[in-house]
Amino acid sequence: MSILLLSLLVLLVIGVPIAYSLGISSFLYFIFIHPELIAILPQRLFAGMNSYTMIALPLFCLMGFLMNEGGITRRLIDFSLLFVGRLRGGLGLVNVLASMIFGGISGSSVSDTASIGAVLIPEMENKGYSPEFASGITVASSTMGMIIPPSVPMVVYALAAEESVGKLFLGSLFPGLMIGILMLVITVGISSFRKFPREEFSLDTKQKIETFNRAILALIMPLFVIGSVVFGIATATESAGIGVLYAFIVGTLVFRTLKVKKIPKLMKDAIMTSANVMIIIALSKLYIWILAIEHIPQQLSMFINQLNMPGVWIILAVNLVILMAGTFIDVSPAILLLTPVLLPIVESFGMNPVQFGVLLISGLAVGLVTPPVGMCLNVASAISGLRIGKIFYGAMPFLAANLVTLLLISFVPQLTLWLPELLMK
Amino acid sequence: MKGIVAVEKRISFFLETLVTVFFGLILILTILLVILRYIFNTSIVGGNELMEFLFIYTTALGAAVSLGKRSHIKVTYFVDQLPELPRALVDTFAFFLVLGINLVLLRLSFPWIAKVGDAASPVLRLPSWVAMISVPVGCALAVLYCALDIYKIWCFQDSGRGGEA
């Protein structure tokens, strides 16, 4: 047990790729504890790579890439401007609202920061918003990207916890929207206090309808993808495949902004991203298998139960572990490492696996915008030229929305379970 | 030295193209299977199995290429704090470890395939080794890329950082 955990920690610290850290730790365990089982290594690796469900992973990535390349960002910003642009701090509100919608299309916080940030950070700075505020609100609102369905991390969690993708998509809908609404409220408050400008524009009804029409085809895509999974019309993999077809048709034939010659590069990026995550999944399954044969999750769960601590404290401690892990480890490996260890603990305190999945991903999303390692911070820093510390300072007020929602997810199960129970009995 | 880098680039380009083609096939099959099921009430026999086989190859080959591109997800924060020489030493050690585990997997995969590789797959009735062989192929390529990475660190002072976790 100590070989397994200590070697993994050392390997991670010295910068060995997470996938191979898991493989090497497992190998050391076999060498020292069960040398007779060592022949099982390649078989477990192969079994870990062999997953029909996970074919959804590159397909969801490609769907987001195609929509993004098809010029969806400007359309969503114009659409959001229509609703909240005239309020004080209009561009800040547009930033949050566009992220809420973009999250449902891309499923990725990093691409949300890159796409929306590239347009709105310079525009907000030109209109008199401080650079810290412009970058901070962009990274903070991008955390919704991986919470609002469809979401790639939800598919990874579904595999790790053997849960229904559809239930997770539905379970994460309200918490994702709640973060967005709280961020809108915070933006209104800050904008009133700091006297941020309103957007001045006048559109006649025809122009408004045109702006709406320009965005509507992108807006219905998440409904289409989630609906097909939830109502059992298609598997997650199939719905992602159809989502790709939809994004391709809309981008090339309707928007006419997606260049066909760019598609091979987008496909390559999607499948290479998937390969990097899949090799972690494959080797983490080996690691998790060892944890299971050593009964580590059960022992940990029993130990915690014997402490006789109130469940509230345990759940709060789990929240803290998730937030801490998110600051150092990327989302997918964190899901794969934390799920087998933490899920049995929270289940023993009555938490549903769907509720825990939403909690885990919402907590890890915060890690993307917290130093020292935050992918969204790095992207925003590249766009704005600000140091990541300053961007984080700008994001802090908005992260209150994430933390409040995290606590609500932890202690109000209905927030995550009501919709799946209503639609997917 | 430049010759070795050029060869590596060609191998990576070939493998990335192959992986992208496999992904294209997976995508076409996914869409085709849905259309056939809902519009024509039929299916492609073994379609899902073929998709799984192709997906396994994309992972095995893609993970190896990622070593060459240093795009694997890892925690870089601590190593980044080190001065140049200790960092190069730690990077080299890390690549040796990755090379080592891939050699172990390569070595162990042959008896495994010899033992169970003849078993036919459930639908296509293809011998299992057709998919299983992706493991030693991927590991052999990973060994090659690790060796090249170590070579580049010491010959080009190329201590490029990988994907951040």
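An account of the accompanying structure is given in this report. Counting restarts for each chain, with residues numbered from 1 along the sequence as it is written. Labels follow written order: the first chain is A, the first ligand is 1, and so on. Whole-chain, interface and lining totals are the exception, using all residues; otherwise, since this is a predicted model, local features are given only for residues with pLDDT of at least 70 and side-chain atom pairs are given and counted only at 80 or more. Here the side-chain values reflect all heavy atoms present in the structure, with hydrogen atoms and water set aside.

### Digging into the overall build of chain A
Logical step 1: In this text, helices come from DSSP runs of H or I with a minimum length of four residues, and strands from runs of E with a minimum of two, each type numbered from the N-terminal end. Within chain A, the regular secondary structure consists of 21 helices and 0 strands.
Logical step 2: In this setup the radius of gyration rests on C-alpha atoms only. A globule is expected at 2.2 Å times the number of residues raised to 0.38. Against the 2.2 N^0.38 benchmark of 22 Å for 425 residues, chain A shows a C-alpha radius of gyration of 22 Å, consistent with a compact globule.
Logical step 3: Exposure categories follow from relative accessible area, calculated using a 1.4 Å probe and restricted to protein chains: below 20% of the type maximum is buried, above 50% is exposed, and the middle band is partly exposed. In chain A, which comprises 425 residues, the share counted as buried stands at 60%.
Logical step 4: Throughout, a residue-residue contact means that at least one pair of heavy atoms, one from each residue, lies within 4.5 Å. For chain A, the proportion of contacts with a sequence separation of at least 24, taken over those separated by at least 6, is 79%.
Logical step 5: Of the roughly 15800 Å² of accessible surface on chain A, 68% is carried by carbon and sulfur atoms.
Logical step 6: Charged-residue counts in this description rest on Lys and Arg as positive and Asp and Glu as negative, His and the chain ends being excluded. To locate a charge, the coordinates of NZ of Lys, CZ of Arg, CG of Asp or CD of Glu are taken. In chain A, which carries 23 positive and 19 negative side-chain charges, the distance between the mean positions of the two groups comes to 10 Å. Throughout, the Shrake-Rupley method with a 1.4 Å probe supplies accessible areas, and for residues the shown protein chains are the sole cover considered.

### Some points on the interface of chain A and chain B
Logical step 1: Taken together, the contacts link 58 residues of chain A with 51 residues of chain B.
Logical step 2: Joining two parts hides part of their accessible area as seen by a 1.4 Å probe, and the buried area is that hidden amount summed over both. Of the roughly 5000 Å² buried at the junction of chain A and chain B (both faces included), carbon and sulfur atoms supply 79%.
Logical step 3: Per-residue buried area on chain A facing chain B is highest for A:Tyr20, A:Phe46 and A:Met49; these three make up 13% of the total on that side.
Logical step 4: For this analysis, a salt bridge means a side-chain nitrogen from Lys or Arg found within 4 Å of a carboxyl oxygen belonging to Asp or Glu. Between chain A and chain B we count 2 salt bridges in total.
Logical step 5: At the level of secondary structure, the elements contributing two or more residues to the side of chain A that touches chain B comprise α1 (2-13), α2 (18-32), α3 (41-49), α4 (56-69), α13 (236-254), α14 (263-293) and α19 (375-384) of chain A.
Logical step 6: If you tally residues by element for the side of chain A that touches chain B, the top one is α14(A), at 13 residues.
Logical step 7: Of the residues in the side of chain A that touches chain B, the class split is 44 nonpolar, 11 polar and 3 charged. Under the convention adopted here, Pro, Cys and the residues Ala, Val, Leu, Ile, Met, Phe, Trp and Tyr are nonpolar, Asp, Glu, Lys and Arg are charged, and Gly plus all remaining residues are polar.

### Quick notes on the pattern of salt bridges
Logical step 1: Counted according to the given criterion, the structure contains 11 salt bridges over all chains.
Logical step 2: As a salt-bridge pair, A:Lys262 and A:Glu69 come within 3.0 Å of each other at their nearest N and O atoms. Here A:Lys262 is found in the loop between α13 and α14, whereas its partner A:Glu69 is found in helix α4, with 193 residues between them in sequence.
Logical step 3: Here B:Glu8 ties to B:Lys152 by a salt bridge, and the two come within 3.0 Å at their closest N and O atoms. With B:Glu8 in helix α1 (residues 2-39) and B:Lys152 in helix α6 (residues 134-155), this residue pair connects regions lying 144 residues apart in the sequence. Per residue, the accessibility class of B:Glu8 equals that of B:Lys152, and both read buried.
Logical step 4: Put simply, A:Arg74, A:Asp78, A:Glu123 and A:Arg214 are held in one network by salt bridges that share partners.

### Side note on unusual backbone geometry
Logical step 1: Residue A:Pro150 is reached from A:Pro149 by a cis peptide bond, and omega for that bond is -5°.
Logical step 2: The backbone of A:Lys195 sits at a positive phi, close to 55°, despite the residue not being glycine.
Logical step 3: Structurally, the position occupied by A:Lys195 is in the loop between α11 (173-194) and α12 (205-230).
Logical step 4: Positive phi outside glycine occurs at B:Arg125, with the angle close to 60°.
Logical step 5: Position of B:Arg125 among the secondary structure elements: in the loop between α4 (84-116) and α5 (129-132).
Logical step 6: Accessibility expressed as a relative area gives 55% for B:Arg125, which makes it exposed.

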